[in-house]
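Results of the structural survey
What follows is the residue order along each chain.
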Amino acid sequence: MLILALLPFFRTKSEQFIDRLYLFKYIFTVSITVTGIVFCFLLGPFADPAIHPWSFSSFLTHVFTPVFSVVDFFLDDRPIKLQAKHVFLTAIPPLLYVFSTAFLSYLNVDFGRGEPFPYFFMNYRSPAGLFGFSEIFPYNMGAFYWIAAIAFVMLMIGALYAKLHGAKEKKGA
């Protein structure tokens, strides 16, 4: 948000700098999209009703914000060519999150609710552990498989957004 707020002040700067800022916008648009998907399909439906997962503020944060972010990304007319290598850059923010939360989990940091993990699919101490499987819901598969599945979705969304952005550029040319 800060980067985008400062963008008008950098219009006189090099185009390469502006392109890099737009690349950050692409990376974080993919990140917020996956945040919305994970909330809507994994966290919200299975959350304890006591935490009010579908409250107005939660809905604004986890549904409206991702939708508006995607709309903003595709309405932006910056003529930058997103390449295949840029898709892989979308994995950096979630990887940093996974590694930092794994480290904090190892240190038994309380992520709220008295639990040393932020989400059930990142519970490395679950009955399924990191690489196992379990009959206990929602720990049917280990954290590694959840993270791999979410990473795959992330890369697919990144590829889709890059492709749609490229199609928009061709149509506008």
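Just so we're clear, the structure is a prediction, and the values are computed from it rather than from any experiment.

Thoughts on the nonpolar core
Formed by 28 residues in total, the largest nonpolar core has its most connected members in Tyr-26, Val-38, Leu-42, Phe-120, Phe-121 and Tyr-161. For this core, the secondary structure elements donating two or more residues are helix H2 (15–43), helix H3 (56–75) and helix H6 (143–172). In terms of residues, this core owes the most to one element, H2, which gives ten residues. Setting aside chain neighbours within four positions, we find Tyr-26 in contact with Phe-73, Leu-82, His-86, Val-87, Thr-90, Gly-158, Ala-159, Tyr-161 and Ala-162.

Section: the packing of aromatic side chains
In this structure the tally under the stated criterion is 18 aromatic pairs. Centre to centre, the rings of Phe-24 and Phe-28 are 6.4 Å apart; their planes meet at 10°, and the pair counts as stacked. Taken as a pair, Phe-24 and Phe-28 lie in helix H2 at a separation of four residues, close to a single helical turn. You can call Phe-24 partly exposed: its relative accessible area is 41%. Where Phe-144 meets Tyr-145, the ring centres are 5.5 Å apart and the plane angle is 80°; that geometry is what we call edge-to-face. Given the relative accessible area of 39%, Phe-144 is considered partly exposed. One aromatic cluster is present, formed by Tyr-22, Tyr-26, Phe-73, Phe-74 and Tyr-161 through successive ring pairs.

Observations concerning the side chain of His-165
With respect to the secondary-structure elements, His-165 resides in helix H6. Its relative accessible area of 0% is what places His-165 among the buried residues. Not counting residues up to four positions away in its chain, the partners in contact with His-165 are Tyr-22, Phe-73, Phe-74, Arg-78, Ile-80 and Leu-82.

Observations concerning the environment of Pro-45
Structurally, Pro-45 can be placed in the loop between H2 and H3. Residue classification places Pro-45 among the partly exposed positions, given a relative accessible area of 45%. Beyond its immediate stretch of four places on either side in the chain, Pro-45 contacts Phe-39, Cys-40 and Trp-54.

Some remarks on the side chain of Thr-90
Structurally, Thr-90 is set in the loop between helix H4 (84–89) and helix H5 (92–106). Reaching out from Thr-90, the side chain makes a polar contact with the backbone oxygen of Val-87 at a distance of 2.5 Å. Excluding its chain neighbours within four sequence positions, the residues that come into contact with Thr-90 are Tyr-26, Ile-27, Val-30, Ser-31, Met-154, Leu-155 and Gly-158.

Rules used in this analysis
Residues numbered from 1 in each chain as written. Predicted model: local features only at pLDDT ≥ 70, side-chain atom pairs only at ≥ 80, totals over all residues. Heavy atoms only, no water. Core = buried A, V, L, I, M, F, W, Y, C linked by side-chain atoms within 4.5 Å. Buried < 20%, exposed > 50% of the residue type's maximum accessible area, 1.4 Å probe, protein only. Helix = DSSP H or I, 4+ residues; strand = E, 2+ residues; numbered from the N terminus. Contact = heavy atoms within 4.5 Å. Phe/Tyr/Trp six-rings, centres within 6.5 Å; stacked < 30°, edge-to-face > 60°. Polar contact = N/O pair within 3.5 Å; in protein donor to acceptor, adjacent residues only side chain to side chain.

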